[in-house]
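A structural walkthrough
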Amino acid sequence: CLEKFGIKKTLNKIEGMWSFIFYDFKKEKIYISRDPLGIKPLFYYYKNKKLIISSSIKTIFKSSPKNFYLDKSTVKTFIKKGNLNQDNNTFFKGVKVFPAANYATYDLNLSKINFFRYWKIKKKENNFIQKNYKKIQTNIETHFNYNKNTALPLSSGLDSNILHKYYKDKKKLNCYTLYNVPKNSEHTYIKKKTNLVNAKEAHSSLFLKKFLKVTDQPVRSFQPLYQYLIRLKAKENKARIVLNGDG
């Protein structure tokens, strides 16, 4: 697609979430891109005309002989305000977040990187609800016919229940919830749903170490931990697709 249409047309054609790197041998250029909402992680380090880029900060650490130190300003802002990813700074000096809805070109001859924004949300749009409702329906129809084991993390919230409404008749669909604290659990509501799987697991120190090992930045709530538990259970049940509504 990139070879045929080029970077701009390709980004207009593809849908979903991504972070990719494409090496054009003929032009001796590298093209880098991240999805419009920045769902897929992507980080980079660029100094003295040297570029390291990865979906994991840990990989950048291993790929460079230099020592990386904490960015005290970013740490202070996070502790004080809880801000996370408000700009392109990470918790480590020199390591940057690749901006969402952007692509970059890296010229191997000049060792220079340039960034370009390819998408931005429209602040004002007529018939916003109707247009986006149609987009939701179109996306659901596009992804409905995959004959693979599918997992749907289900809560009492609007986003996951909209997905459940449309996908409930899909074959090979299992709904997952985390049954943790009985008094505060949503289990009573969602147990009425079909094919419900409970993801139960003790929060041991060993498990928390595993969770922290796969994260590159601090988290602001227990939600990522819960989602991690659900995905472990889905993987155990050999799910190939996870449907997720991010409200």
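As a starting point, this report considers the structure included with it. Small disclaimer: the values here were computed from a predicted structure and weren't measured.

Along its length, the protein carries eight helices and 11 strands. Counting every position in the protein, which comprises 247 residues, the buried fraction comes to 32%. Nonlocal contacts in the protein, meaning residues at least 24 apart in sequence, comprise 49% of its contacts between residues at least 6 apart. Accessible area of the protein: about 17400 Å², with a carbon and sulfur share of 53%.

Spatially, three strands are ordered β4-β3-β5 in an open sheet, and the strand pairing comes out antiparallel. Each edge of the open sheet carries a strand with a single partner, namely β4 (50–54) and β5 (95–97). For this sheet, the mean angle separating the axes of adjacent strands, direction not counted, is 25 degrees.

To continue, consider the nonpolar core. Where a protein is soluble and globular, its nonpolar side chains tend to be buried together. Counting nine residues, the largest nonpolar core consists of L2, I7, L11, W18, F20, F22, Y31, Y103 and Y118. Counting residues per element, the ones that place at least two in this core are α1 (2–13) and β1 (19–24). The element contributing the most residues to this core is α1, with three residues. Aside from chain neighbours lying at most four places away, what touches F22 is L2, E3, K29, I30 and Y31.

Turning next to a nonpolar patch on the surface. Residues M17, L37, I39, W119 and I121 make up a contiguous nonpolar surface patch of roughly 560 Å² in combined accessible area. As for its placement among the helices and strands, M17 is situated in the loop between α1 and β1. We classify M17 as partly exposed; its relative accessible area is 47%.

Before going further, it helps to examine unusual backbone geometry. Notably, K49 is not glycine yet its phi reads approximately 65 degrees, a positive angle. Assignment of secondary structure puts K49 in the loop between β3 (43–47) and β4. You can call K49 exposed: its relative accessible area is 54%. Phi is positive for A101, close to 60 degrees, though the residue is something other than glycine. Topologically, A101 is positioned in the loop between β5 and β6 (102–107).

The subject of this paragraph is the pattern of salt bridges. Taken as a whole, this structure holds two salt bridges when the rule is applied. A salt bridge links D216 to K58; the shortest N-O distance between them is 3.5 Å. Placement of D216 in the loop between α7 (205–213) and α8 (223–236) and of K58 in helix α2 (residues 57–63) is noted, with a sequence separation of 158 residues between them. Here K58 falls in the partly exposed class, since its relative accessible area comes to 31%. Ionic pairing is found between K233 and E236, a salt bridge with its closest N-O pair at 3.5 Å.

Basis of the calculations
Residues numbered from 1 in each chain as written. Predicted model: local features only at pLDDT ≥ 70, side-chain atom pairs only at ≥ 80, totals over all residues. Heavy atoms only, no water. Helix = DSSP H or I, 4+ residues; strand = E, 2+ residues; numbered from the N terminus. Buried < 20%, exposed > 50% of the residue type's maximum accessible area, 1.4 Å probe, protein only. Contact = heavy atoms within 4.5 Å. Areas by Shrake-Rupley, 256 points an atom, 1.4 Å probe, with all protein chains shown as cover. Pairing = 2+ DSSP bridges. Axes fitted to C-alpha atoms, helices over the stretch in contact; angles between N-to-C directions. Core = buried A, V, L, I, M, F, W, Y, C linked by side-chain atoms within 4.5 Å. Patch = residues over 30% accessible without salt bridge, like charges linked within 9 Å, V, L, I, M, F, W, Y side chains within 5 Å. Salt bridge = Lys/Arg side-chain N within 4 Å of Asp/Glu carboxyl O.

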